[in-house]
Amino acid sequence: MKKMKLFPKTFLYVFSLMAAIALISHALFFFLMPVVYTSQKEDTFQNIETQLIAELQTISEPEQKTKEDTIEKIVRKYAQQNQMGIFVYYAGYTYHFMSGTNSSDTPDSIDIQEEFDTNWRIQVGEETGLDDLWQDSYRKTNSQLYASTHFQTKDGQPCYLALNLTLQPVHEAKNAIVIFLPFTLILSLALSVIFALLYSKKITKPLSDIRETTERMEQLDKSALCKAETQDEIGVLSENINKLYQSLLATIDDLQKENKRVSEAETAKLDFLRAASHELKTPVTALCGLLDNMIMGIGRYKDWETYLPICRDMAVSFGRMIQEILDASKLNFDFEREPMEEVMLHTFMETLLPPYLLIAKSKGVFIDTDFSDDFSARFPVSAMEKVLSNLISNAVKYTKPQGKVRIYFAAGSIVVENECTPIPPNELSHIFEPFYRPDFSRSRNCIGENPDGGNGLGLYIAAKILSALAYKFEFKPFLYPEAEKKGGMRFTVFLS
């Protein structure tokens, strides 16, 4: 039974229950029907006796003939109505009537045995004393009920009453039941099979549908859905399975997105490390060549007092580059755990700008600011500081002396633009790659100096952070309206 499927198991349980009910009900009917029927007959028999005595006790007519007619009518009525035999002895006369017969033509004697086959006989004559009639009795056999009693009528006359009721129909009915019950039992079992099949199908079909649907869910079929057509426990189960499956699909999608993000981050980190090693290789080779020339005293490099400080400056530059590389490698991504804060941009920029104003002044670059369109935005403060620091630093670094850098707000965005040589479109598509620099900023002299720019990490870091924070941005050339041949590059961060 444990390995049997739900439909045959339910069918067997239901059929067994209904078959047991049919067998028990038929058995109870067979054995209890005669008992109940006999008990009801006894109650009816006793009620008839009581009612008949009550009517006979009211007889008090002065005329004998009238009394006889009255008694005869009473006896006939009760005998016909109740299909029984009645015997009355009153004032020396006997009256008896059996159901389906006429009253006896012999008023002074009675023999009920002649009219109805019973196990009792009463005879009244000279040899029978009246005292023998005054014995009350009640008897019940398998085939009949018998009762006798005596009382006085209203006029003071003694009266003797005997009643007889046959139980023969009970035995006839029992015999008929023995023949009829097998057919009803077979019909009951047949109906039990039909209803058990219908009930089992009705109960198991929703569960079978749920099983088929969960098999599709196991294959991650996104269209799989349990149909909840009822509000009972099965319907609730279907709804719960649907909710659980949708939650599972959402979790799987999130995991796939996270795996893709992690994979992209690992790929980016690997590319970054490759680019970093390549970027460091050239200046390190140059430094080693310079030191070798100094050690071997080749040409002008014999003057080590002149070139040794240069080597030190190069080492310091390498240190800064390595630190920037380390900072860039940490972008995966501590600021994602930093809380978001609502910040007024005017105050934020006023706090951020002072160091870059000094750098710009020392280089002869002018910084023009316009924060009149102040607005607020939500972002991690340290992350946005890093983004804007790189943008402003790049703008100052790539602006020639006497050039201008403009920082202003426009329609919920921060704009940083500087006067410089616009980057060609073919190079602009690579500008956010690590260590990438436009052609005009790639030249290095023999000692590794790079007077025209940095190491190509500023825009890479800014783009990485903004992408992680889901902020849109753009970097493109522009021209001043008043001077068509004069322009530069503009970086816009959209914060709203």
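This is a predicted model, so every value here is computed, not measured. (Residues numbered from 1 in each chain as written. Predicted model: local features only at pLDDT ≥ 70, side-chain atom pairs only at ≥ 80, totals over all residues. Heavy atoms only, no water.)

**What to know about the sheet that holds strand S4 (residues 144-152)**
Across the sheet, which stays open at both edges, the five strands sit in the order S2-S1-S5-S4-S3 with antiparallel pairing between neighbours. Since the sheet does not close on itself, it has two edges, and those belong to strand S2 (93-98) and strand S3 (137-140), each with one partner. Recorded for the sheet is a direction-independent mean angle of 10 degrees between the axes of neighbouring strands. Strands strand S1 (85-90), S3, S4 and strand S5 (158-166) of the sheet are contacted by helix H1 (residues 6-56), whose axis makes an angle of about 155 degrees with S5. (Pairing = 2+ DSSP bridges. Helix = DSSP H or I, 4+ residues; strand = E, 2+ residues; numbered from the N terminus. Axes fitted to C-alpha atoms, helices over the stretch in contact; angles between N-to-C directions. Contact = heavy atoms within 4.5 Å.)

**With respect to the packing of helix H7 (residues 345-352) against helix H8 (residues 354-363)**
Relative to each other, H7 and H8 sit at 50 degrees, their axes nearing to 5 Å. When the interaxial angle is binned, H7 and H8 end up oblique. Taken together, the residues of H8 that come into contact with H7 (itself represented by Glu350, Thr351 and Leu352) are Pro354, Pro355 and Tyr356. Taken together, the residues that form the contact of H7 with H8 break down as four nonpolar, one polar and one charged. (Parallel < 35°, antiparallel > 145°, perpendicular 65-115°, else oblique. Nonpolar A, V, L, I, M, F, W, Y, C, P; charged D, E, K, R; others polar.)

**Considerations on the packing of aromatic side chains**
Under the counting rule described, the total for this entry stands at nine aromatic pairs. Ring centres 5.4 Å apart and planes at 75 degrees place the aromatic pair Phe375 and Phe409 in the edge-to-face group. Residue Phe375 is located in the loop between strand S7 (366-370) and strand S8 (376-379), and its partner Phe409 is located in strand S9 (residues 404-409); the two are separated by 34 residues in the primary sequence. As far as burial versus exposure is concerned, Phe375 and Phe409 are alike and both buried. Taking the centre distance of 5.6 Å and the plane angle of 40 degrees together, the rings of Phe475 and Phe491 count as tilted. Residue Phe475 is located in strand S11 (residues 472-480), and its partner Phe491 is located in strand S12 (residues 483-494); the two are separated by 16 residues in the primary sequence. Taken as a pair, Phe475 and Phe491 share a single burial class, namely buried. (Phe/Tyr/Trp six-rings, centres within 6.5 Å; stacked < 30°, edge-to-face > 60°. Buried < 20%, exposed > 50% of the residue type's maximum accessible area, 1.4 Å probe, protein only.)

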